[in-house]
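Below, each chain spelled out in residue letters.
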Amino acid sequence: MSMIRRIPMEGVANFRDLGGYACTGGFTRWNQIYRSTSLHKATPRDVEQLQQLGIRLVLDFRYPHEAKTDIDATIPGARNLNFSLMGDFPADNIPVNSTVRSTRSLYRMYRLILRHGGASILDAFRAVLACDGAVLFHCAAGKDRTGVFAMLLLALAGVDWADIYADYEISELYISNFTTDISGSNLHNMQMLRQTLEQNYGSAWGYLLAQGAREEELEAFRTRFVASEHAFSLCKTPKNYR
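Conventions used here
Per-chain numbering applies: the sequence of each chain, read as written, is numbered from 1 onward. pLDDT decides what is reported in this predicted model: residues at 70 or higher carry local features, side-chain atom pairs at 80 or more are listed and counted, and totals for whole chains, interfaces and linings draw on all residues regardless. As a rule here, side-chain values come from all non-hydrogen atoms in the structure, and water together with hydrogens is ignored. In this description a helix means any DSSP run of H or I spanning at least four residues, a strand means any run of E spanning at least two, and both kinds are numbered starting from the N terminus. This radius of gyration counts C-alpha atoms alone. The globule rule is 2.2 Å times how many residues there are, raised to the power 0.38. Relative accessibility thresholds used throughout: buried, under 20% of the residue-type maximum; exposed, over 50%; partly exposed, between the two (1.4 Å probe, protein chains only). In what follows, residue pairs with any heavy atoms lying within 4.5 Å of each other are defined as contacts. Under the convention used here, Asp and Glu are negative, Lys and Arg are positive, and both His and the chain ends fall outside the count. By convention, charge coordinates are those of NZ in Lys, CZ in Arg, CG in Asp, or CD in Glu. Here the nonpolar core consists of buried residues drawn from Ala, Val, Leu, Ile, Met, Phe, Trp, Tyr and Cys, with membership extended through side-chain atoms lying within 4.5 Å. Two strands pair if DSSP finds at least two bridges between them. Axis definition: a line fitted to C-alpha atoms, limited for helices to the stretch in contact. Angles are taken between N-to-C directions and run from 0 to 180 degrees. The length a helix should cover is 1.5 Å for every residue beyond the first. A 3.5 Å cut-off defines polar contacts: any pair of N or O atoms within that distance qualifies, except that in protein one atom must be a possible hydrogen donor and the other a possible acceptor, and neighbouring residues in sequence count only when both atoms are side-chain atoms. Think of it this way: a Phe, Tyr or Trp ring, Trp meaning its six-membered ring, pairs with another when their centres are within 6.5 Å, and the plane angle makes it stacked under 30 degrees, edge-to-face over 60, tilted otherwise.

Below, the discussion takes up the overall build of the protein. Broken down by element type, the protein carries ten helices and eight strands. A compact globule built from 242 residues would reach a C-alpha radius of gyration of about 18 Å, and the protein, at 17 Å, matches this within 12%. Structurally, the protein occupies a C-alpha span of about 45 × 40 × 30 Å along its principal axes. Among the 242 residues that make up the protein, the fraction classed as buried is 56%. Within the protein, contacts between residues at least 6 apart in sequence are counted, and of these 72% link residues at least 24 apart. The average position of the 26 basic charges and that of the 25 acidic charges among the side chains of the protein differ by 3 Å.

Spelled out as structure tokens, the structure:
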């Protein structure tokens, strides 16, 4: 079993395992859920590596037209599903200063994801829950739509916000040679999104419930994604994961 956080690849960047974070009751399991940039530049060697990791489901959070233009490489044995996390909100109307390096305006886009992408987020969450193998999710640069979904999953698991922030912030470095996107992953954006999440829904748990998730589904996710504290006795238990 691999316990490597970031796995270097040739044509895929920011490929990371969400396992190994201390959380409520233990730590997040390795080799279950991965995040990355899009797979349209994946080389044959990358595809072989993804197959060896046991990827059985790829969740593509881009707009349908993005997915059709830059087509993901096919991973043998994996299913590919496209859920636009921006919903039907027009891409040209997203209020972000994308020409500013490490902009502090991305939180506006993230708030729109919560508002317009709820149905897609719920569908993606349920797809993760139903998958009998490892899951990989991505968008284009693997930091914004991907970052919001990663935040929700980690928060559902009860991961401390310091680790959630760090998981978000590091994307800016890992994608620097992959994309011309300079908007970055400034901490301010995730802090503002957390504020919106907690003010309107209380928590990630509350947000998923508001989208139609059932309590037993959220508990089932934690059962699958969280390893027992007996295997990680030094972890501290973050508060208020619900």
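Turning next to the environment of Ser228. Relative to the helices and strands, Ser228 is located in strand β8 (residues 226–228). Residue contacts for Ser228: discarding those within four places in its chain leaves Gly25, Gly26 and Phe27.

Leu59, Phe61, Phe137, Phe149, Leu156 and Leu208 are the most contacted members of the largest nonpolar core, which has 58 residues in total. In this view, Phe61 contacts Phe83, Ser84, Leu85, Ala124, Phe137, His138, Cys139, Arg145, Thr146 and Phe149; residues no more than four positions away in its chain are not counted. Core analysis: the second largest hydrophobic core is formed by 15 residues, Tyr34, Ala42, Leu50 and Leu136 among them.

Moving on to the sheet that holds strand β3 (residues 26–28). Strands sit in the order β2-β3-β8 across an open sheet of three strands; the sheet is antiparallel. Across the chains shown, the open sheet's two edge strands, defined by having one partner strand only, are β2 (22–23) and β8. Here two bridges tie β2 to β3, and the two strands are oriented antiparallel to one another. When the sheet's bridge partners are listed, Cys23 is paired in β3 with Gly26. Contacts from helix α10 (residues 215–225) reach β3 and β8, with the element oriented near 60° to β8.

Topologically, Thr103 is positioned in the loop between β6 (79–82) and α3 (106–116). When residues no more than four places from it in sequence are discounted, the contact partners of Thr103 are Val96, Asn97, Ser183, Asn186 and Asn189.

All right, on to the sheet that holds strand β5 (residues 55–60) then. Strands in a sheet are paired, the pairing made by backbone hydrogen bonds, and the direction either parallel or antiparallel. Reading across the sheet, the five strands line up as β1-β4-β7-β5-β6 and stay open at both edges, with mixed pairing between neighbours. In this open sheet, the two strands that pair with only one neighbour each are β1 (16–17) and β6. Note: β1 against strand β4 (residues 33–36), two bridges, orientation antiparallel. What sits directly across from Arg16, in β4, is Arg35.

We now examine helix α8 (residues 187–201). With 15 residues, α8 extends 21 Å from end C-alpha to end C-alpha; this agrees with the ideal 21 Å at 1.5 Å per step. Within α8 the residues assigned to the buried category are His188, Asn189, Met190, Met192, Leu193, Thr196 and Leu197. Residues of α8 that are buried sit in contact with α3, α5 (145–157), α6 (161–169) and α9 (204–211). Where α8 begins, one side-chain oxygen reaches toward the backbone nitrogen of His188, 2.9 Å away; that side chain belongs to Asn186. Once α8 finishes, Gly202 follows within two positions and takes phi at roughly 90°, a positive value.

Following the criterion strictly, the structure yields nine aromatic pairs and no others. Each ring, one from Phe61 and one from Phe137, has its centre 5.8 Å from the other, and the planes form 35°; the classification is tilted. With Phe61 in the loop between β5 and α2 (64–69) and Phe137 in strand β7 (residues 134–138), this pair connects stretches of sequence that are 76 residues apart. For the pair Phe61 and Phe137, a shared accessibility class is recorded, and that class is buried. Ring centres of Phe221 and Phe225 lie 5.4 Å apart, and the angle between their planes is 40°; on these two criteria the pair is classed as tilted.

Note that Thr28 resides in strand β3. Taking the relative accessible area as the measure of exposure, Thr28 reaches 0% and is therefore buried. At 2.8 Å, the side chain of Thr28 forms a polar contact with the backbone oxygen of Leu18. With residues near it in sequence (within four places) discarded, Thr28 still touches Leu18, Gly19, Gly20, Tyr21, Cys23, Leu154, Ala157, Val159 and Phe225.

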